[in-house]
Amino acid sequence: MPENKDIERLELRSEEVQEILTNPPSWLVRWGITLIFVFTVIVLTLSFLIKYPDFVAAKVIVTTERPTEQIVSRYSGALEEIYIANGDTVTSGQRLAVFRNTANVEDVYRLKSILDTAQKSSSELLFPVESVSQFVLGDIETAYINFEKSYVDYQLLKDLDPYTTQLLGNRRSLEEIKLRLASQMAQKKVLEQEYELEKRDYERNGRLYEKGVISQQEFESKKQEFLQMEKNLSAMAISISQLREAIASADQTLKTTRITKQEDDTRLLANLSQSFNALNRALREWEHNYVLASSIEGVVGFQEFWGKNQYIGSGEVVFSILPTDTEKLVGKLVLPSQNAGKVVQGQKVLVKLDNFPYQQYGMLVGKVENISVSPNSEGNYFIYISLPQGTKTSYNRKLPFEQELLGNAEIITENLSVAERIFYRFRDIFKY
């Protein structure tokens, strides 16, 4: 019964259909297999030609080779003055803003200029104490007072120069004593000659007395004169000895004065140098605490809308300085540890920026340059990529670079074709 139903359904078809089914066209029989073969070959060829790369995705920030500087507040307080506007180009060391404090900012920078001039000068240190004493220096006041005292002490020592006068007096005294000694030595020689004559005269009178030629009184008188001459010669020797002792004492006094002068010069100069360095250090600490300054040349950007007298907390980012040299750009990637082992140096990187949709503007093309050897505390690796073409995209468009750019990066680890991906597992099976 079912067979009869099938026959009835077949008979419902038209004669044309029956003719095609019973007698297929000759061209279909002749070219059908060939067309299927050609189509299959085309599909296989395209599967080998069309690339479907394997990539690792990560977040990226595009910045200059010299990173953007973030000016962070190191002091909690109100802004006293803002010297720049958002978007201004600043130079290295330029003041951006200053916090309110007990010092007069202009006085502090006048003092800094004076110190810089004094430091660069190769001549004697000359400091305008009278004018600087009127400055309002706040936290720097104590260091300045110590410096002023050291400077005044040193200048008084140089101006009054008490040791030079004392040394001159000591030298004169020594010379006088030496002259007196020379005179005494000359007198001693004369006295010694007189002593020899007196001695011979005394001996002659002794012999005459023994012969009875002269009386005892005359002999005793001659003896008394001889003893007086001996006494004078002994007194002369004592005087010479005292003069020599005085010369030694004067010479020691002269040396002591020289040593004391050298000690005082060295001590006061060391005190001046130490107080000068301490003043410079206090000034730098004041700048570090209260002044926000740029250390690079670039374009300043406000992190918020800052205004005069606005309070800022310590550790808060106030300004960002984008370097003016934007020719060389780099990308900084934060890559999770998963699949991080696939990434090696030299691999191609495609950067899709959030600011510029890649469907419209294209992608930046980079290359892996450096990979951190160990992960951070969160288990992420840091990767640095170079961008040889800068902001020129794959669509040959030059993007403006006025700030750091955020986006997603795709690191091409293996540039596989569709066929390789299809037979990927088979390849591993045959390998093992």
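This text follows the structure it describes.
Structural notes, computed from the coordinates.

1. Quick word on the packing of helix α6 (residues 141–160) against helix α8 (residues 216–290)
Next, step 1: Between α6 and α8, the least distance of the axes is 8 Å, while the angle of their chain directions is 155°. Viewed along their axes, α6 and α8 adopt a mutual orientation that is roughly antiparallel. The two elements α6 and α8 meet at a crossing, and its hand is left-handed. The residues of α8 that touch α6, namely those facing A143, Y144, N146, F147, S150, Y151, D153, Y154 and L157, are D264, D265, L268, L269, N271, L272, S275, F276, A278, L279 and A282.
Next, step 2: Residues that form the contact of α6 with α8 fall into these classes: 13 nonpolar, 4 polar and 3 charged.

2. Section: the nonpolar core
Next, step 1: L111, F127, I140, W286 and F319 are the most contacted members of the largest nonpolar core, which totals 47 residues.
Next, step 2: Looking at this core element by element, the count peaks at 8 residues for α8.
Next, step 3: If sequence neighbours within four positions are ignored, I140 has contacts with V108, L111, L279, A282, L283 and W286.
Next, step 4: Membership of the second largest hydrophobic core comes to 25 residues, among which are L329, V343, L364 and V368.

3. A look at α6
Next, step 1: Relative to the 28 Å expected for 20 residues at 1.5 Å per residue, α6 spans 28 Å between its end C-alpha atoms, a close match to the ideal helical length.
Next, step 2: The complete set of buried residues in α6 reads A143, Y144, F147, S150, Y151, Y154, Q155 and L157. Angular distribution of buried residues about the axis of α6 spans 155°; they occupy a single face of the element. Away from its buried face, by an angle of more than 90 degrees, α6 presents the exposed residues T142, K149, D159 and L160.
Next, step 3: Packed against the buried residues of α6 are α5 (129–132), α7 (162–211) and α8.
Next, step 4: In the segment just after α6, D161 is the residue with positive phi, at about 50°.

4. Quick look at the packing of aromatic side chains
Next, step 1: Applying the stated rule across the entire model yields 14 aromatic pairs.
Next, step 2: Centre to centre, the rings of F127 and Y144 are 6.2 Å apart; their planes meet at 40°, and the pair counts as tilted. Residue F127 is located in the loop between α4 (105–120) and α5, and its partner Y144 is located in helix α6; the two are separated by 17 residues in the primary sequence.
Next, step 3: Its relative accessible area of 6% is what places F127 among the buried residues.
Next, step 4: The structure contains a cluster of three or more aromatic residues connected by ring pairs, namely Y75, F99, Y109, W286 and Y290.
Next, step 5: Here the guanidinium or amino end of R110 rests over the ring plane of F135, the centre of that ring lying 5.2 Å away.
Next, step 6: Across from the ring centre of Y358, 4.3 Å away, lies the NZ or CZ of K352, which sits over that ring.

5. Describing the pairing of strand β3 (residues 77–82)
Every regular strand shows the same layout, with side chains that alternate between the two sheet faces.
Next, step 1: As defined by bridge partners, β3 adjoins strand β8 (residues 311–312) across 2 bridges and the pair is classed as antiparallel. Pairing of G77 across the sheet is with I312, part of β8.
Next, step 2: Sheet topology places β3 next to strand β5 (residues 95–99); 3 bridges connect them, and they run antiparallel. By the bridge assignment, I82 is partnered in β5 with A97.

6. Concerning the sheet that holds strand β6 (residues 291–293)
Next, step 1: As summarised here, the arrangement of the 4 strands in space is β6-β5-β3-β8, forming an open sheet in which the pairing is antiparallel. Every other strand in the sheet has two partners, leaving β6 and β8 as the edge strands with one partner each.
Next, step 2: Sheet strands in contact with α8 are β5 and β6, and its direction is about 80° off that of β6.

7. Brief notes about the layout of surface pockets
Next, step 1: When its volume is computed, the largest pocket comes out at roughly 380 Å³.
Next, step 2: As for the largest pocket, its lining consists of 18 residues, and the residues nearest its centre are T68, Q303, S320, Q403 and E404.
Next, step 3: Only β1 (54–64), β7 (298–302) and β9 (317–323) provide two or more residues apiece to the lining of the largest pocket.
Next, step 4: The element that contributes the greatest number of residues to the lining of the largest pocket is β7, accounting for 4 residues.

8. Quick look at the sheet that holds strand β13 (residues 380–387)
Next, step 1: Spatially, 6 strands are ordered β1-β10-β13-β12-β11-β14 in a closed barrel, and the strand pairing comes out antiparallel. Averaged over neighbouring strand pairs, the angle between their axes works out to 40° when direction is ignored.
Next, step 2: Examined bridge by bridge, β1 and strand β14 (residues 405–414) share 9 bridges and lie antiparallel to one another. Across the sheet, D54 pairs through a bridge with E414, a residue of β14.

Conventions and cut-offs
Residues numbered from 1 in each chain as written. Predicted model: local features only at pLDDT ≥ 70, side-chain atom pairs only at ≥ 80, totals over all residues. Heavy atoms only, no water. Axes fitted to C-alpha atoms, helices over the stretch in contact; angles between N-to-C directions. Helix = DSSP H or I, 4+ residues; strand = E, 2+ residues; numbered from the N terminus. Parallel < 35°, antiparallel > 145°, perpendicular 65-115°, else oblique. Left-handed = near helix turned anticlockwise from the far one by under 90°. Contact = heavy atoms within 4.5 Å. Nonpolar A, V, L, I, M, F, W, Y, C, P; charged D, E, K, R; others polar. Core = buried A, V, L, I, M, F, W, Y, C linked by side-chain atoms within 4.5 Å. Buried < 20%, exposed > 50% of the residue type's maximum accessible area, 1.4 Å probe, protein only. Expected span 1.5 Å × (residues − 1). Arc of directions from axis to C-beta. Phe/Tyr/Trp six-rings, centres within 6.5 Å; stacked < 30°, edge-to-face > 60°. Lys NZ or Arg CZ within 6 Å of the ring centre and 35° of its normal. Pairing = 2+ DSSP bridges. 1 Å grid on protein atoms, 1.4 Å probe; cavity = no way out; pocket = protein on both sides within 12 Å on 5 of 7 lines; lining within 4 Å. Points joined across faces, edges and corners; volume = space filled by probe spheres on them.

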